[in-house]
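The primary structure of each chain is shown beneath.
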Amino acid sequence: KQEVTQIPAALSVPEGENLVLNCSFTDSAIYNLQWFRQDPGKGLTSLLLIQSSQREQTSGRLNASLDKSSGRSTLYIAASQPGDSATYLCAPGPLLGGYNKLIFGAGTRLAVHP
Amino acid sequence: EAGVTQFPSHSVIEKGQTVTLRCDPISGHDNLYWYRRVMGKEIKFLLHFVKESKQDESGMPNNRFLAERTGGTYSTLKVQPAELEDSGVYFCASSLAGRREQYFGPGTRLTVT
């Protein structure tokens, strides 16, 4: 059974810092992995999708890496801004036992203050 | 292009009543998923449609939950009868054919009193 752990659970930083959010998963047999952000009371916004054959994906100030063999993914946020404040969720998609369903971690709650 | 929409945004019902949630996926998306977050826990998968067929319903908690996707367009999730533990946020997501990026709706917050 896939289990997803996100560290840290919460993070509060001043504006401008570079951040690293960690995600680990117990079953490396995944097809892809998605990173999302969720704003309070809102839905999930997809940030990045990494296929299992990829090592990393970049979108603007965001960079996500994937080390499937060790069951780890990292989301790197460069030059953080107050608008980055949200909960960040990691969700691997199992290769087997479920066609493209996502397994979510509990998330990292990020607060970036001016 | 319109995103995934869900209706209603909030629903408050009494234990034992019936509630139907609706999801309209992004036009052209064959895959439609239901997830939920209850009691402050992680978001959990409920089921997956490919067009009008149920591909995977391994996450459905019990037979009080019934999902349909007639005609392969919008989907409904009915809870009958609702129990207190069903309270939470129900999310719908859709994606193109194959194992693709999933796009989520804003969710329906269900409160059972």
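The structure under discussion appears in the preceding block.
This write-up is about the structure you can find in this document. (Residues numbered from 1 in each chain as written. Chains lettered and ligands numbered in written order. Predicted model: local features only at pLDDT ≥ 70, side-chain atom pairs only at ≥ 80, totals over all residues. Heavy atoms only, no water.)

1. A look at the packing of aromatic side chains
Under the criterion given, the structure shown has 9 aromatic pairs over all chains. Each ring, one from phenylalanine 36 of chain A and one from phenylalanine 104 of chain B, has its centre 5.2 Å from the other, and the planes form 80°; the classification is edge-to-face. Of this pair, phenylalanine 36 of chain A sits in strand S4 (residues 30-38) while phenylalanine 104 of chain B sits in strand S10 (residues 103-104), which puts the two residues in different chains. Per residue, the accessibility class of phenylalanine 36 of chain A equals that of phenylalanine 104 of chain B, and both read buried. Ring-pair connections join several aromatic residues into one group, and the members of that group are Phe36 and Phe104 of chain A together with Tyr33, Tyr35, Phe45, Phe91 and Phe104 of chain B. (Phe/Tyr/Trp six-rings, centres within 6.5 Å; stacked < 30°, edge-to-face > 60°. Helix = DSSP H or I, 4+ residues; strand = E, 2+ residues; numbered from the N terminus. Buried < 20%, exposed > 50% of the residue type's maximum accessible area, 1.4 Å probe, protein only.)

2. Digging into the pattern of salt bridges
All names here are of chain B. Applying the stated criterion across every chain yields a total of 6 salt bridges over all chains. Here arginine 64 ties to aspartate 86 by a salt bridge, and the two come within 2.6 Å at their closest N and O atoms. In this pair, arginine 64 is assigned in the loop between strand S6 (53-56) and strand S7 (65-68) and aspartate 86 in the loop between strand S8 (75-79) and strand S9 (88-95), connecting sequence segments 22 residues apart. Each of the two residues, arginine 64 as well as aspartate 86, counts as buried. (Salt bridge = Lys/Arg side-chain N within 4 Å of Asp/Glu carboxyl O.)

3. What about the interface of chain B and chain A?
Facing the 21 residues of chain B at the interface are 23 residues of chain A. Here chain B and chain A share an interface that buries about 1,900 Å² over both sides, 52% of which is from carbon and sulfur atoms. Counting across the chain B and chain A interface gives 0 salt bridges. For the interface between chain B and chain A, the tally reads 5 residue pairs in polar contact (both at pLDDT 80 or more). No other element matches the 4 residues that strand S4 (residues 31-38) of chain B contributes to the side of chain B that touches chain A. For the side of chain B that touches chain A, a count of residues per class yields 7 nonpolar, 8 polar and 6 charged. (Contact = heavy atoms within 4.5 Å. Buried area = accessible area lost by both parts, 1.4 Å probe. Polar contact = N/O pair within 3.5 Å; in protein donor to acceptor, adjacent residues only side chain to side chain. Nonpolar A, V, L, I, M, F, W, Y, C, P; charged D, E, K, R; others polar.)

4. With respect to the sheet that holds S7 of chain B
Residue and element names in this part refer to chain B. The 4 strands are arranged S1-S3-S8-S7 in an open sheet whose pairing can be described as antiparallel. The open sheet has two edge strands, strand S1 (5-7) and S7, and neither has a second partner. Between one strand axis and the next, the sheet turns by 15° as a mean value, whatever way the strands run. With 3 bridges connecting them, S1 and strand S3 (residues 19-24) associate as antiparallel partners. Paired with phenylalanine 7 across the bridge in S3 is arginine 22. (Pairing = 2+ DSSP bridges. Axes fitted to C-alpha atoms, helices over the stretch in contact; angles between N-to-C directions.)

Interpretation note: all reported values are geometric properties and have no functional meaning in isolation.
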